[in-house]
Amino acid sequence: MKAAILALAAAIALTVGAAEARARRSQPPQPPTPVPQALTLNDRGYYEERGLNVLVFSNWYDGNFSDSKISGVELIHHGVRTATNGDVRMLPTPGQWDDIGALVNRSVDQTYGVIETHLRYADYDFNYTIRSEARGDSVIVSVVLDRPLPAALVGKAGFNLEFIPSAYFHHSYIGDGVAGAFPIYPAGDMQRVAPAGPPQRISRSGDSVAAPLPLATARNFTLAPEDPERTVSIASSEPVSLYDGRNQAQNGWFVFRSLLPAGRTGAVLQWTIHANTIPNWTRAPMIAHSQLGYAPNQDKVAVIELDRND
């Protein structure tokens, strides 16, 4: 009798186990469990995590144009260079002819995850350092001064970071809890910065007779909170203003800017920049071919580039 009961129990267990196995097979496959990520400073001298690269003066401005969108603090966010030109500038929306600081030297501390870039505006005898440090999945960017800001630059020198407009069309932003929308077309308010007189041409340089007014000002901004592929947050020790650089130049970008405070030394400004990343993100394959075309008897060769995690 006991043997019969044990046999019956075993049969029931096998039947239940088979049913559970069939149920698991019928369910759709589940995505991998996201692994917590952190920015790390790699051996190439920039910060990275899956879906994000943060460059800090890995490149230098073009010799002919200061507005080349290829230097300073830069974000390559889910495969797209969405932000660049993170540096101290003298205008809210500087153009291609406007002043930039000269690179003095750049050092990378692999042990502590710190990049320090020393720069100088010789005309103002103004030296400054852009210091970056990885902290979790954010990067801390500081402007460090050995001497107080020169009087001639008070109200002029500020840290700018530019975002490409096309990545943020039809997207919103939140500044200190107040929502706004990135404009599709340049239509922001301007203010006159030249004495009244005969009409003058509005240029893209520092001699312009008009300057854009900010779209919003806050200490904490979140860009595109509705789009996980483009969400970026900026938390600052000083007020941050958002400008539309297209009001002065057709190649202008959205500019976030904090003025440097007067009468202080050390880390006079600090931004905490966090860019959201999609777990297990993989860039789509890219097919590259000659942009010049191919000769009739030439092999037509294309290159397929894959994400290194693919």
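Overview of the structure. Not measured: the values here are computed from a predicted model.

**Quick notes on the overall build of the chain**
Move 1: For the chain, the helix and strand inventory stands at one helix and 20 strands.
Move 2: Burial analysis of the chain (310 residues in total) assigns 39% to the buried set.
Move 3: Across the chain, the fraction of contacts at a sequence separation of at least 24, relative to all contacts at a separation of at least 6, is 58%.
Move 4: Summed over all atoms, the accessible surface of the chain reaches about 16,900 Å², with 56% contributed by carbon and sulfur.

**Focus on the pattern of salt bridges**
Pairing between side chains of opposite charge can happen when the charged atoms of each approach one another.
Move 1: Evaluation of the coordinates by the stated rule reveals 11 salt bridges.
Move 2: For Arg120, the salt bridge goes to Asp125, with nearest N and O atoms at 3.1 Å.
Move 3: In this structure, the salt-bridge partner of Arg131 is Glu133, at a minimum N-O distance of 3.1 Å.
Move 4: Taken together, the shared-partner salt bridges connect Glu116, Arg131, Glu133 and Arg135 into one network.

**Some details on unusual backbone geometry**
Move 1: For His78, which is not glycine, the phi torsion reads 50° and is therefore positive.
Move 2: Residue His78 is classed as buried on the basis of its relative accessible area, which comes to 4%.
Move 3: Even without being glycine, Asn85 reaches a positive phi, approximately 60°.
Move 4: Overall, Asn85 belongs to the buried group, its relative accessible area being 0%.

**Some words on a nonpolar patch on the surface**
Move 1: A contiguous nonpolar surface patch, about 330 Å² in accessible area, is contributed by Ile287, Ile304 and Leu306.
Move 2: Looking at the secondary structure, you find Leu306 in the segment after strand E20 (303–305).

**Details of the nonpolar core**
Move 1: In this structure, Phe126, Ile130, Phe163 and Phe256 are the most contacted members of the largest nonpolar core, which totals 48 residues.
Move 2: The dominant element in this core, judged by the number of residues it contributes, is strand E18 (residues 266–275), at five residues.
Move 3: Residues within four places of Phe126 in sequence aside, it is in contact with Val88, Met90, Leu119, Arg120, Tyr121, Leu145, Leu149, Pro150, Leu153 and Leu260.

**Digging into the pairing of strand E6 (residues 102–109)**
Move 1: By the bridge criterion, seven bridges tie E6 to strand E7 (residues 114–121) in an arrangement that is antiparallel. Within the sheet, the bridge partner assigned to Arg106 lies in E7 and is Thr117.
Move 2: Taken together, E6 and the strand that follows it, E7, pair antiparallel across an intervening segment of four residues, in which Gly113 is found at a positive phi of about 70°.

**A short note on the packing of aromatic side chains**
Move 1: Under the counting rule described, the total for this entry stands at 14 aromatic pairs.
Move 2: Between Trp60 and Tyr61, the ring centres sit 4.8 Å apart and the planes meet at 65°, which makes this aromatic pair edge-to-face.
Move 3: Taking the relative accessible area as the measure of exposure, Trp60 reaches 32% and is therefore partly exposed.
Move 4: What links up through ring pairs into an aromatic cluster is the set Phe163, Tyr168, Tyr173, Phe182, Phe221, Phe254 and Phe256.

What counts, and at which threshold
Residues numbered from 1 in each chain as written. Predicted model: local features only at pLDDT ≥ 70, side-chain atom pairs only at ≥ 80, totals over all residues. Heavy atoms only, no water. Helix = DSSP H or I, 4+ residues; strand = E, 2+ residues; numbered from the N terminus. Buried < 20%, exposed > 50% of the residue type's maximum accessible area, 1.4 Å probe, protein only. Contact = heavy atoms within 4.5 Å. Areas by Shrake-Rupley, 256 points an atom, 1.4 Å probe, with all protein chains shown as cover. Salt bridge = Lys/Arg side-chain N within 4 Å of Asp/Glu carboxyl O. Patch = residues over 30% accessible without salt bridge, like charges linked within 9 Å, V, L, I, M, F, W, Y side chains within 5 Å. Core = buried A, V, L, I, M, F, W, Y, C linked by side-chain atoms within 4.5 Å. Pairing = 2+ DSSP bridges. Phe/Tyr/Trp six-rings, centres within 6.5 Å; stacked < 30°, edge-to-face > 60°.

The values reported here are purely geometric and, on their own, carry no functional implication.
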